[in-house]
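If you want the building blocks of each chain, they are given just below.
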Amino acid sequence: MAIEVRIPTILRQYTDGQKAVEGNGDTVAALFADLEARHTGIQARLIDETKDGQLRRFVNVYLNDEDVRFVDGIDTKLSDGDVVTILPAVAGGMS
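Note that residues are indexed from 1 along each chain, following the sequence as it is written. Per-residue local features are limited, in this predicted model, to residues with pLDDT of at least 70; the limit for side-chain atom pairs, both in listing and counting, is 80 or more; totals at the level of whole chains, interfaces and linings are taken over all residues. Calculation of side-chain values draws on the structure's entire complement of heavy atoms; hydrogens and water are dropped beforehand.

Looking now at the overall build of the protein. Helix and strand definitions follow DSSP, with helices as H or I runs of at least four residues and strands as E runs of at least two, each counted in order from the N terminus. The number of helices and strands found in the protein is two helices and seven strands. Of the regular secondary structure in the protein, the N- to C-terminal order runs β-β-α-α-β-β-β-β-β. Over its C-alpha trace the protein gives a radius of gyration of 13 Å, about what one expects of a compact globule, namely 12 Å for 95 residues. For the protein, the spread of C-alpha atoms along the principal axes amounts to about 45 × 30 × 25 Å. Pairs of residues are marked as contacts when any of their non-hydrogen atoms sit within 4.5 Å. Here the contacts in the protein between residues at least 6 apart in sequence split such that 44% fall between residues at least 24 apart. Total accessible area computed for the protein in this model is approximately 5,900 Å², and 49% of it derives from carbon and sulfur atoms. Charge assignment in this entry is limited to Lys and Arg as positive and Asp and Glu as negative, and neither His nor the chain termini are counted. For charged residues, the charge sits on one atom: NZ in Lys, CZ in Arg, CG in Asp, CD in Glu. Once the 10 positive and 16 negative side-chain charges of the protein are each reduced to a mean point, those two points are 8 Å apart. Put simply, the radius of gyration uses C-alpha atoms, and a globule should come to 2.2 Å times the residue count raised to 0.38. Using the Shrake-Rupley algorithm and a 1.4 Å probe, accessible areas are obtained, with residue cover drawn only from the displayed protein chains.

Below is the structure:
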């Protein structure tokens, strides 16, 4: 099952500068494990092992433009042809 994963600039050091990579998995968790196998170090930037393997607080993951936190989190099911976008959360405010 081929899934396109869009990588933010800050994580491209793990994907040899690629903006998008292909991955496989039937859930977001399985996809991240697959990415880790080919792009060592990326999973630690996405998953917080101290929080039962959930997404890191400042990482947003979208499945076809829908935030996976509002679906089933890292257990969200994936299908062939899906697009997963990883975005760092942006924080800040007016000074």
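So much for the structure itself; the text now carries on.
Relative accessibility thresholds used throughout: buried, under 20% of the residue-type maximum; exposed, over 50%; partly exposed, between the two (1.4 Å probe, protein chains only). What helix α1 (residues 28-38) keeps buried is the set V28, L31, F32 and L35. When α1 is viewed along its axis, its buried side chains cluster within an angular range of 100° and face the same direction. Picture the helix axis, draw a direction to every C-beta atom, and the arc is the one those directions span.

Following the sequence through the fold, Y14 ends up in the loop between β1 (3-6) and β2 (20-23). If we skip the residues at most four places from it in the chain, Y14 touches H39, T40, G41, I42 and R45.

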